[in-house]
Amino acid sequence: MTENLRTQDTDNLVAIADQFALQGKVTAVQSFGSGNINDTFLVTLDSPGEKHFVLQRINTQVFHQPQLIMQNMRTFTEHIHERLQRTPLSRRWEVPRVLLTKDAQDHWRDADNSFWRAISFIEGSQSFDTMDNQEHAQEIGYALGMFHNLISDLPPEKLADTLEGFHITPVYLQHYDEVLTKTTPRQSPEVNYCLQFVSDRQVWAHVLENAKATGDLPLRLMHGDPKINNVMFDTATQQAVSVVDLDTVKPGLVHYDIGDCLRSGCNRAGEETEQWESVHFDTDLCQGILQGYLSVAKAFLTENDYAYIYDAIRLLAFELGVRFFADYLAGNVYFKVKHPEHNLARALVQFKLTESIESQETTIRNIIQDMK
Ligand code: GN1
Ligand code: MG
């Protein structure tokens, strides 16, 4: 955590940004976005060409082999760029580019051995932490579908596994059990609620991994973290134009993405709300996202894929709750926190969301069924 929270002074950041500034002079570096793992900055350039880029310090306590992230990113962004050149889309769509250093490297190590990399900024775009209308929801779904579509013809084995166990719910549960054997949580109604909540869902939580093992669901490339604020919207047209945060693009299940996108998008209060008791899964937004997603993804989804969408929605909310709760119990070592109870509050939000999903199972299954 100390590494996460360490602040960089501005001069230092300008010097680091300058390693990637092939044209122009760095005029500003500011904190950017709300990521829970890496440190992200927006760099402004005094240049006749591109005016901004995104500078990031990869958290190497989470990503042990950051060079593999860069290798993956170069492989799939090149693939997508080539594909878009061959068959251009009829609407604006962009993919961030990996920017190289003055020595043509895809990253830079500073004196502390921190791992820095730069990617292009999608100009004239913005993202949102929550959404509240159907059009927005459809655009989010379209963006995820387009992303899946553009990587669907790249064989999964071309990309390395940059984060082992990512979205493998049984692995998170195993970790949770290990944490529990080492700690005695401070008793409170909230903690007891979480303990019981996880315990009640232990068996079912294997659902996607079982489907993968039996071959019901095929291994494909996925984004890994398609929460709604990773979808960029054109500020003028309000259409989705890009999906960013590409560190976890690797082999997995598209269901992890579908579930993650829906658990993040259909919670109008947002995942950081303190009003966890009022958290609710909005089925209208769910319908919007799925409509947008399927407008692109229908072409590559199978009957089995549809059969697991409901479980994926429920599971990804539950899984993130387990991840937050385990991190709270372990002393906040993975996710950045603003206060010691932050991860507990986040876990409660995800568990409440899971409960809301469970209570609307029939409605959600009908939405999926009607869209096939
Ligand atoms: C982390 O750092 P950020 O915010 O992009 C996490 C995701 C979670 C998300 C919850 C590598 O993503 O899996 O869904 O927090 N990323 C990793 O906000 O663990
Ligand atoms: Mg991320």
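A quick note: this is a predicted structure, and the numbers were derived from the prediction, not measured.

Give me the lowdown on helix H3 (residues 66-86), citing residues and values where you can.
Compared with an ideal rise of 1.5 Å per residue, which puts 21 residues at 30 Å, H3 spans 31 Å between its outermost C-alpha atoms and is within 8% of the ideal. Along H3, the positions that sit buried rather than exposed are Pro66, Leu68, Ile69, Met70, Asn72, Met73, Phe76, Thr77, His79, Ile80, Arg83 and Leu84. On its buried face, H3 sits against strand E3 (52-58), strand E4 (98-99), strand E5 (108-109), strand E6 (115-120), helix H4 (134-151) and strand E11 (250-252).

Pulling in residues and values, what's your account of the site of ligand 1?
Taken together, the neighbourhood of ligand 1 is formed by 15 residues, with Asn36, Lys227, Glu271, Arg323 and Tyr334 sitting nearest. Between an oxygen atom of ligand 1 and a side-chain N or O atom of Glu271, the distance comes to 2.4 Å. Arg323 places a side-chain nitrogen or oxygen 2.7 Å from an oxygen atom of ligand 1. Calculation on ligand 1 without its partners gives an accessible area of 440 Å², and the protein chains cover 95% of this total. Of the residues in the shell around ligand 1, the class split is seven nonpolar, two polar and six charged. Of the domains in this structure, domain 1 (3-121) and domain 2 (134-370) are the two that each give at least three residues to the shell around ligand 1.

Go over the packing of aromatic side chains, please, and point to the residues and values.
This structure, assessed with the given rule, holds 14 aromatic pairs. Each ring, one from Phe128 and one from Phe233, has its centre 5.6 Å from the other, and the planes form 70 degrees; the classification is edge-to-face. Remark: Phe233 occurs in strand E9 (residues 231-234) and Phe128 occurs in the loop between strand E7 (125-126) and H4; sequence separation between them is 105 residues. In this structure an aromatic cluster arises from ring pairing among Tyr193, Phe197, Trp204, Trp276, Phe318 and Phe351. Cation over ring: Arg91 sits above Tyr142, and NZ or CZ is 3.9 Å from the ring centre. We note Arg201 situated over the ring of Phe197; from NZ or CZ to the ring centre the distance is 3.6 Å.

Which residues make up the sheet that holds E7, and what values do they have?
Taken in spatial order, the three strands line up as E7-E9-E10 in an open sheet, and their pairing is antiparallel. Edge positions in the sheet fall to E7 and strand E10 (240-243), since each has one partner strand and no second. Pairing of E9 with E10, which is carried by three bridges, proceeds in the antiparallel orientation. Of the residues in E10, the one forming a bridge with Val231 is Val243.

Which residues make up the coordination of the magnesium ion (ligand 2), and what are the values?
Within the protein, Asp225 (OD) and Asp245 (OD) serve as the donor atoms for the magnesium ion (ligand 2), at 1.9 to 2.1 Å. Separated by 20 residues along the polypeptide, Asp225 in the loop between strand E8 (220-222) and E9 and Asp245 in the loop between E10 and E11 bring together distant segments of the chain. With a relative accessible area of 18%, Asp225 lands in the buried category.

Talk me through unusual backbone geometry; I want residue IDs and the actual numbers.
The phi dihedral of Ala104 falls on the positive side, at around 60 degrees, and the residue is not glycine. Positionally, Ala104 belongs in the loop between E4 and E5. With phi around 70 degrees, Asn113 is a residue other than glycine that occupies positive phi space. Counting through the fold element by element, Asn113 comes out in the loop between E5 and E6.

Let's hear about the domain arrangement of the protein: which residues, and what values?
Partitioning the protein into domains gives domain 1 (3-121) and domain 2 (134-370). Contacts between domain 1 and domain 2 engage 29 residues on the former and 34 residues on the latter. Approximately 3,000 Å² of surface area, both sides summed, lies buried where domain 1 meets domain 2, with 59% of it carried by carbon and sulfur atoms. Taken together, domain 1 and domain 2 are joined by five salt bridges. For the pair domain 1 and domain 2, the interface holds 16 residue pairs in polar contact (both at pLDDT 80 or more). Looking at the side of domain 1 that touches domain 2 element by element, the count peaks at 11 residues for H3. Residues of the side of domain 1 that touches domain 2, tallied by class, amount to 14 nonpolar, nine polar and six charged.

Thresholds, definitions, all that
- Residues numbered from 1 in each chain as written.
- Chains lettered and ligands numbered in written order.
- Predicted model: local features only at pLDDT ≥ 70, side-chain atom pairs only at ≥ 80, totals over all residues.
- Heavy atoms only, no water.
- Helix = DSSP H or I, 4+ residues; strand = E, 2+ residues; numbered from the N terminus.
- Expected span 1.5 Å × (residues − 1).
- Buried < 20%, exposed > 50% of the residue type's maximum accessible area, 1.4 Å probe, protein only.
- Contact = heavy atoms within 4.5 Å.
- Near = heavy atom within 4 Å.
- Polar contact = N/O pair within 3.5 Å; in protein donor to acceptor, adjacent residues only side chain to side chain.
- Areas by Shrake-Rupley, 256 points an atom, 1.4 Å probe, with all protein chains shown as cover.
- Nonpolar A, V, L, I, M, F, W, Y, C, P; charged D, E, K, R; others polar.
- Domains from an automatic or database assignment.
- Phe/Tyr/Trp six-rings, centres within 6.5 Å; stacked < 30°, edge-to-face > 60°.
- Lys NZ or Arg CZ within 6 Å of the ring centre and 35° of its normal.
- Pairing = 2+ DSSP bridges.
- Donors = N, O, S within 2.8 Å, 3.2 Å for Na, K, Ca; no water.
- Buried area = accessible area lost by both parts, 1.4 Å probe.
- Salt bridge = Lys/Arg side-chain N within 4 Å of Asp/Glu carboxyl O.

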